[in-house]
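Report on the structure
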Amino acid sequence: MFVLVNLKTYPCDPVAVAEAVRDVNEDTDARVAVAPQATHIERVAETGAETWAQHVDPIEHGSNTGHTIAESVADAGAIGTLINHSEQRRKLADIDGAVQAAQRADLETVVCANNPAQIGAAAALGPDAVAVEPPALIGTGTPVSQADPDIVEDAVEAAENVDSDVSVLCGAGISTGDDVVAAGDLGAEGVLLASGVAKADDPQAALEDLVEPL
Ligand SMILES: O=C(CO)COP(=O)(O)O
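Residues numbered from 1 in each chain as written. Predicted model: local features only at pLDDT ≥ 70, side-chain atom pairs only at ≥ 80, totals over all residues.

Put simply, the rule is: UniProt positions are given in the numbering used here, feature names are shortened, and annotations may be inferred rather than shown by experiment.
Named according to an unreviewed UniProt entry, the chain is Triosephosphate isomerase originating from Natronorubrum halalkaliphilum. If you open the UniProt record of the chain and go to Subunit (unreviewed entry), you find "Homotetramer; dimer of dimers." We quote the UniProt Subcellular location (unreviewed entry) comment for the chain here in full: "Cytoplasm".

Below, the structure written as structure tokens:
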């Protein structure tokens, strides 16, 4: 299973969380990675943790003030990027452009979507993976894999119908090893989570609990 921890703009110490991600990754068969804010990518990558960007824009080098270009996050040490997170939604054409920009910079891609219909559209853009995250459950602590199992199974089926090479992650409310196991049982190859680690008193203990049954 792939466990991708999105730090959003939570006020946690990104380097401390990254060190925990690195250490936990070494002791598990799961793949554990962290997506800090863009300005923290370089410091996080220097810990040796697998580092992802939270977003890239559909742009090339040039006059794009305030945008985030894929090549720069790759230069800073990211190996992948989220695209179209529920808190950073884009039009379909811009999602397509961001996937292409990321691929140009050799970044792995996870395109997020709210529901199975959008998952099908996202899978058609050729990312490495898609992630279904129902917005109503994000940040609630109620795990999608247990509260809304149908949405995960339907997302897996929607992606499979479009492109069986695209893996499916699920996210929203995931915070325990049981939630991750439930996601795997529904056909997801990984989970995307945030508050369960970023807001934990002890992020390392939270991560250890997440991967313990894997
Ligand atoms: O948006 C999410 C991960 O990208 C999910 O957030 P929570 O894990 O806080 O519900």
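**With respect to the pairing of strand 4 (residues 80-83)**
We apply this condition: With C-beta atoms placed from the backbone, a residue counts as buried when 20 or more other C-beta atoms lie within 10 Å of its own, as exposed when 12 or fewer do, and as partly exposed for counts between those limits. Helix numbers and strand numbers start at the N terminus; a helix is a DSSP run of H or I with at least 4 residues, a strand a run of E with at least 2. Should DSSP find at least two bridges between two strands, the strands are taken to pair. The definition of a right-handed crossover adopted here requires that, viewed with the strands pointing away, the path from the first strand over the helix to the second runs clockwise.
Neither face of strand 4 is exposed, since Gly 80 and Leu 82 on one face and Thr 81 and Ile 83 on the opposite face are all buried. Judged from the two bridges that link them, strand 3 (residues 50-53) and strand 4 form a sheet pairing that is parallel. Across the sheet, Trp 52 pairs through a bridge with Gly 80, a residue of strand 4. The parallel pair strand 3 and strand 4 is bridged by helix 3 (residues 70-76), and the resulting crossover is right-handed. With four bridges joining them, strand 4 and strand 5 (residues 108-113) adopt parallel strand pairing. Counted as the bridge partner of Gly 80 is Glu 108 from strand 5. A crossover links strand 4 with its parallel partner strand 5, the connecting element being helix 4 (residues 92-104), and its sense is right-handed.

**Some thoughts on the UniProt feature "active site" (unreviewed entry) in the chain**
Let me state the cut-off plainly: Distance between backbone-placed C-beta atoms decides contact: two residues are in contact if it is within 7 Å.
Feature annotation in UniProt assigns "active site" (unreviewed entry) to the following positions: His 85 and Glu 133. Taking the farthest pair of C-alpha atoms as the criterion, the annotated set spanning 49 residues converges on one region, since that pair is 8.6 Å apart. Relative to the elements of secondary structure, His 85 occurs in the loop between strand 4 and helix 4. His 85 gets classed as buried once you count the C-beta atoms within 10 Å, which come to 23. If near-sequence neighbours (up to four positions away) are discounted, His 85 is found in contact with Gln 54, His 55 and Cys 112. By the element assignment, Glu 133 lies in the loop between strand 6 (129-132) and helix 6 (144-147). For Glu 133, a count of 28 C-beta atoms within 10 Å puts it in the buried group. The contact partners of Glu 133, leaving out residues within four places of it in the chain, are Ser 86, Cys 112, Asn 114, Ile 138, Gly 171, Ala 172 and Leu 192.

**Some words on the site of the ligand**
Applicable threshold: Residue proximity rests on one test: whether the C-beta atom, placed from the backbone, lies within 6 Å of the molecule or strand. For this scheme, ten residues count as nonpolar: Ala, Val, Leu, Ile, Met, Phe, Trp, Tyr, Cys and Pro. Four count as charged, namely Asp, Glu, Lys and Arg, and the remainder, Gly too, count as polar.
Taken together, 14 residues surround the ligand, and among them Asn 6, Gly 139, Leu 193, Ala 194 and Ser 195 come closest. Grouping the amino acids of the shell around the ligand by side-chain chemistry returns six nonpolar, seven polar and one charged.

**Some details on the packing of helix 1 (residues 14-26) against helix 10 (residues 203-211)**
Rules: Here an axis means a line fitted to C-alpha atoms, over the contact stretch when the element is a helix, while the angle between two N-to-C directions is reported on a 0 to 180 degree scale. Note on angle classes: values under 35 degrees are labelled roughly parallel, values over 145 roughly antiparallel, values of 65 to 115 roughly perpendicular, and the remainder oblique. Crossing chirality is assigned from the near helix's rotation relative to the far helix, an anticlockwise turn below a right angle marking it left-handed and a clockwise turn marking it right-handed.
Relative orientation of the contacting elements helix 1 and helix 10 amounts to 30 degrees, with a least axis distance of 9 Å. Taken together, helix 1 and helix 10 sit at an angle that is classed as roughly parallel. Considering the relative orientation of helix 1 and helix 10, their crossing is right-handed. Of the residues in helix 10, those touching helix 1 at Ala 16, Val 17, Ala 20, Val 21, Asp 23 and Val 24 are Pro 203, Gln 204, Leu 207, Glu 208 and Val 211.

**A few points about the UniProt feature "binding site: substrate" (unreviewed entry) in the chain**
Mapped onto the present numbering, the UniProt feature "binding site: substrate" (unreviewed entry) falls at Asn 6, Leu 7, Lys 8, Ile 138, Gly 173, Ala 194 and Ser 195. What stands out for the annotated residues spanning 190 residues is how close their C-alpha atoms remain, the widest pair being 14.2 Å apart. Position of Leu 7 relative to the elements: it lies in the loop between strand 1 (2-6) and helix 1. When the 24 C-beta atoms within 10 Å are taken as the criterion, Leu 7 is described as buried. If we skip the residues at most four places from it in the chain, Leu 7 touches Cys 12, Pro 14, Val 17, Val 34, Ala 35, Pro 36, Gln 37, Ala 194 and Ala 198. Inspection of the secondary structure puts Ala 194 in the loop between strand 8 (190-193) and helix 9 (195-198). Setting aside anything within four residues of it in sequence, one finds Ala 194 in contact with Val 5, Asn 6, Leu 7 and Lys 8.

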